[in-house]
Every structure is written in structure tokens, then in C-alpha cells.
Amino acid sequence: MECKYCKKKFNPISKRQKYCQAQCVKNAWNKRNSEYLKLMRSEYDRRYRKRHPEKVYLMNKEYLKKKGRTFSIWNCMKQRCYNKNSKDYSNYGGRGIIICDEWLNSFDFFNSWARKNGYADNLTIDRINVNDIYKPDNCRWITIQEQQKNRRKKDL
Ligand SMILES: [Zn+2]
């Protein structure tokens with residue numbers, strides 16, 4: 001006879017014995033229980049999200065807040081450069097403005113560059129050469145006013 005839990009061969013005392021030892025009965029029971037609980041939890045989660053979309057929205061917002069402002073900057077940058085449905089795509093991705101691989105693939109990389117290179121909550125990311133891509137040596141943190149001034153100069 002093969003134990004239903006550990007698959008070891010054993011000699012059953014009675015025909016009804018399905019497990020080789022008491023511990024295997026216990027383990028099998030726990031396993032079934034935890035699978036059931038997991039299922040219940042995910043089902044509860046699914047129903048909860050469906051019933052309370054506004055709470056899910058707030059949870060996501062809270063999550064972004066915890067990640068910090070640099071995370072949303074990184075996110076917006078990716079949208080501008082790679083999401084064809086983004087309203088700014090034509091001025092960025094559409095013009096070949098992309099993001100260097102290190103930044104694109106890792107928020108942590110971008111975040112640590114930002115913290116080491118003058119990031120502050122009132123500043124925005126700016127490309128020094130507007131025709132070049134987002135990469136460490138082409139980017140700096142400036143105020144929105146400065147950025148608008150530069151843009152006007154470039155337009156002239
Ligand atoms: Zn067993």
C-alpha cells in the first residue's frame with residue numbers, strides 16, 4: 001500500500017488505513033485546509049474588489065504614495081515614451097525619445113540616480129538636450145518654471 005500523503009510504501013493494519021503514520025494524516029489534513037483557506041481568501045478578495053472599486057482605487061493610490069513621487073515620475077516617463085495611447089506620446093516616443101535600459105528596467109536604478117543627483121519634491125525631470133533620450137548624463141532636476149522658460153527659448 002502507498003501512503004496517500006508521503007507516497008511511501010507501508011503495510012496497512014486495516015483496509016481503511018490510507019496513511020503510513022499519524023503525522024501523514026495530520027499533514028494531509030493541514031494541506032487540504034490551507035488550500036481551502038487560500039481559495040476562500042482569493043474568492044473573498046475577488047468579490048471585495050468587484051463590490052468596492054473605490055477602495056481598490058484608494059489602495060492603489062496609497063501604494064503609489066508609499067512608493068513616492070519619483071515612482072510616479074518614472075511611471076509617467078515610461079507612458080510618454082512607450083504607450084502609444086498616451087496623450088504626450090507624439091512628443092516623446094513618437095519622436096524617438098526613449099529611456100536608457102538601466103532606467104527602463106529598474107525603478108530602483110532610476111530612484112537612486114534621482115536621490116544622488118539633486119532630486120527634490122518641487123522639481124521635475126528635464127532633458128538637457130531635448131533631442132536626446134532619458135539617460136543619466138542627459139537629465140537633471142529643475143523647477144517647472146525653469147523648464148517652461150527653457151521651452152519658450154527653444155520655441156523661438
Ligand atoms: Zn506517509
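Keep in mind the model is a prediction, meaning the values are calculated, not measured. (Residues numbered from 1 in each chain as written. Predicted model: local features only at pLDDT ≥ 70, side-chain atom pairs only at ≥ 80, totals over all residues.)

Trainee: An account of the overall build of the protein chain is needed here, citing residue identities and associated values.
Mentor: A count of helices and strands for the protein chain gives six helices and two strands. Relative to its length of 156 residues, the protein chain is extended, with a C-alpha radius of gyration of 28 Å against a globular reference of 15 Å. Seen through its C-alpha atoms, the protein chain measures out along the principal axes to roughly 95 × 35 × 30 Å. Within the protein chain, the fraction of its 156 residues that count as buried is 8%. (Helix = DSSP H or I, 4+ residues; strand = E, 2+ residues; numbered from the N terminus. Rg over C-alpha atoms; globule rule 2.2 N^0.38 Å. Buried ≥ 20, exposed ≤ 12 C-beta atoms within 10 Å, placed from the backbone.)

Trainee: Let's hear about the domain arrangement of the protein chain: which residues, and what values?
Mentor: Along its sequence, the protein chain is carved into domain 1 (1-51) and domain 2 (70-155). Taking the mean C-alpha position of each, domain 1 and domain 2 sit 52 Å from one another. (Domains from an automatic or database assignment.)

Trainee: Please provide a residue-by-residue account of unusual backbone geometry, values included.
Mentor: Despite not being glycine, Lys7 has its phi angle at roughly 65°, a positive value. Positionally, Lys7 belongs in the segment before α1 (22-51). According to the C-beta neighbour criterion, Lys7 is exposed, with 9 such atoms within 10 Å.

Trainee: So, the nonpolar core: which residues are in play, and what are the values?
Mentor: By size, the foremost hydrophobic cluster in this structure holds 10 residues: Trp74, Met77, Cys81, Tyr92, Ile99, Trp103, Phe110, Ala114, Tyr134 and Cys139. At the level of elements, α3 (69-82) and α5 (107-116) are the ones that each hand at least two residues to this core. Residue contributions to this core peak at three residues, all from α3. Residues in contact with Cys139, not counting those within four places in the same chain, are Ile125, Asp126, Arg127 and Tyr134. (Core = buried A, V, L, I, M, F, W, Y, C linked by C-beta atoms within 7 Å. Contact = placed C-beta atoms within 7 Å.)

Trainee: Can you explain the environment of Trp103? Please cite residues and give values.
Mentor: Within the secondary structure, Trp103 sits in helix α4 (residues 101-105). Residue class for Trp103 comes out buried when judged on the 22 C-beta atoms lying within 10 Å of it. Counting along the chain gives 32 residues from Trp103 to Lys135, while the straight-line C-alpha distance between them is 7.4 Å. Ignoring anything within four residues of it in the chain, the contact list for Trp103 reads Phe109, Phe110 and Tyr134.

Trainee: Lay out the packing of α3 against α5 in plain terms, naming residues and giving numbers.
Mentor: Between α3 and α5, the least distance of the axes is 10 Å, while the angle of their chain directions is 120°. Judged by the angle between their axes, α3 and α5 are oblique. Considering the relative orientation of α3 and α5, their crossing is right-handed. In this structure, α3 uses Thr70, Phe71 and Trp74 to contact α5, whose residues at the interface are Phe107, Phe110, Asn111 and Ala114. The residue inventory of the contact of α3 with α5, partitioned by class, reads five nonpolar, two polar and no charged. (Axes fitted to C-alpha atoms, helices over the stretch in contact; angles between N-to-C directions. Parallel < 35°, antiparallel > 145°, perpendicular 65-115°, else oblique. Left-handed = near helix turned anticlockwise from the far one by under 90°. Nonpolar A, V, L, I, M, F, W, Y, C, P; charged D, E, K, R; others polar.)

Trainee: Can you break down the environment of Gln79 residue by residue, with the values?
Mentor: Tracing the sequence through the fold places Gln79 in helix α3. Using a count of 16 C-beta atoms within 10 Å as the deciding quantity, one classes Gln79 as partly exposed. Spatially, the C-alpha atom of Gln79 lies 9.4 Å from that of Tyr92, the residues being 13 residues apart in sequence.

Trainee: Let's hear about α3: which residues, and what values?
Mentor: Here α3 contains 14 residues, and its C-alpha end-to-end distance of 20 Å stays within 8% of the 20 Å for a straight helix at 1.5 Å per residue. Along α3, the residues that are buried comprise Trp74, Met77, Arg80 and Cys81. Axial view of α3: buried residues confined to an arc of 125°, hence all on one face. Those residues of α3 that are buried lie in contact with α5 and β1 (123-127). (Expected span 1.5 Å × (residues − 1). Arc of directions from axis to C-beta.)

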